[in-house]
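# Chains, contacts and geometry: an overview
The lines below spell out each chain.
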Amino acid sequence: MLLNSPTIRGFVFKKCLMQALYCSLWRAEQTALERDVLVIVFNDDAKANPSVLNACLNVIRALANLRVSMFPDVIDIIRTTQEAHVILEDSNATSVLSLLQGRQLEVSQAIRLMTAAVNGFTELERIHVVYGCVRPKMLYLTEDQTPFFPDVTLARFEAGYGHNPPMEFSEGMVPYLAPEQYNDTIDMLDSRTDMYSLAMTMYALTTGQVPYGALSPHDILEAKMRQSLPSPQDIVKGFSPSFAQILMRMAQRNPDDRYPNWDAVRFDLHQLSIGVEIECPNPAGSTIAPPTGTRSYMRQTRSYRRTTQRTRRKEAFRRKTLTWMHWIVTLVFVVGFLLLAVAFVLFAKFR
């Protein structure tokens, strides 16, 4: 679906980097200051849900105060009755996908990139922030080869550390979402959620295959519960067995089967970089280990489906209601105008 450029005074919008249910992320020029910036533009759906919009803006304000190195600095937050957008600093980072230009990421490059990303996620873990969904499209590199995430709209605080709005995912994010994110709540999300999506992202970049990419979004949800994901070794000849083990452990269905924290991931990456073979517990050979609590996760999948369908029905009802209201208001206006015209003619005739 093509997205029309927003119309905000003082900005020339150049390229849409991300589009979600409530907002879109744009690279734009701020004409008055002659500088490039990133702009998060909240749409009419977000403005129609002020509680969700305010919660999103509060999270962004909190992240701005924390000054996370992997996120862009917040320049200004505009919230009026007519507009809602966030101006972010543009670090001129480059998308990893554009750097690769269709090529696969070599394992040695992936290890360096992942090591740098782990350092950033360790910072998030320390301040109890979950990024939400690492994916190739939103993975950028700065000039000093530091991973950078321009999309901050999915970032949330762990349970008990801040008030979070509901998480809304686009279909392109589904292959990279952790199974626990299919639940209606986000109380169970922590740093291990980001481990899963980072592993899936590295899986896609190094193998050239989107995880479960041949399936529809709903089928992907069930496939993650029932099917095993092939090891990168089964797809790419000569793939590092140790790096494959690290990815597969990070991508376990059950969060308890993943690494306990980012320091443990960093340790294994360091061991790999000095030539030590990695043997992760319960690697299950070339597939992801069977999940524990599969029935519970299937309930979460069905819950996700119901929530998605309910959201679509509400959106269809809202649009239909607005259409009918538009026609009713138009009809009332036309009838009122005609009655006024008739009254004016009668008044002029019998005066």
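Coordinates for the structure precede this section.
Quick notes on the rules
- Residues numbered from 1 in each chain as written.
- Predicted model: local features only at pLDDT ≥ 70, side-chain atom pairs only at ≥ 80, totals over all residues.
- Heavy atoms only, no water.
- Pairing = 2+ DSSP bridges.
- Helix = DSSP H or I, 4+ residues; strand = E, 2+ residues; numbered from the N terminus.
- Axes fitted to C-alpha atoms, helices over the stretch in contact; angles between N-to-C directions.
- Contact = heavy atoms within 4.5 Å.
- Core = buried A, V, L, I, M, F, W, Y, C linked by side-chain atoms within 4.5 Å.
- Buried < 20%, exposed > 50% of the residue type's maximum accessible area, 1.4 Å probe, protein only.
- Parallel < 35°, antiparallel > 145°, perpendicular 65-115°, else oblique.
- Left-handed = near helix turned anticlockwise from the far one by under 90°.
- Nonpolar A, V, L, I, M, F, W, Y, C, P; charged D, E, K, R; others polar.

## Quick word on the sheet that holds strand 5 (residues 84-89)
Taking strand neighbours across the sheet as the criterion, the five strands line up as 1-2-3-5-4 in an open arrangement whose pairing is antiparallel. If you trace the sheet from one side to the other, it starts and ends with strand 1 (11-19) and strand 4 (74-79), each paired once. The average undirected angle you get between the axes of adjacent strands in this sheet is 25 degrees. Judged from the five bridges that link them, strand 4 and strand 5 form a sheet pairing that is antiparallel. Each residue of the ladder has a partner; that of Asp76, found in strand 5, is Ile87. Across the sheet, helix 2 (residues 50-66) lies against strand 3 (35-42), strand 4 and strand 5, angled at about 160 degrees from strand 4, the strand it touches most.

## Here's the deal with the nonpolar core
With 87 residues, the main nonpolar core has Phe42, Phe71, Met114, Phe121 and Met250 as its most contacted residues. At nine residues, the largest contribution of residues to this core is made by helix 5 (residues 191-207). The residues touching Phe42, leaving out its near neighbours within four places in the chain, are Tyr22, Cys23, Lys47, Leu53, Cys56, Leu57, Ile60, Ala84, His85 and Val86.

## Points about the packing of helix 4 (residues 107-126) against helix 9 (residues 262-273)
Two numbers describe how helix 4 lies on helix 9: the axes approach to 9 Å, and their chain directions differ by 160 degrees. With respect to their mutual orientation, helix 4 and helix 9 come out roughly antiparallel. Remark: the crossing between helix 4 and helix 9 carries left-handed chirality. Across the interface between the two elements, Ile111, Met114, Thr115, Val118, Asn119, Phe121, Thr122 and Glu125 of helix 4 pack against Trp262, Asp263, Val265, Arg266, Leu269 and Leu272 of helix 9. Class assignment for the residues of the contact of helix 4 with helix 9 results in eight nonpolar, three polar and three charged.

## What to know about the sheet that holds strand 8 (residues 140-141)
The three strands lie next to each other as 6-8-9, forming an open sheet whose pairing is antiparallel. Both outer strands of the open sheet, strand 6 (94-95) and strand 9 (147-148), are each paired with one neighbouring strand and no more.

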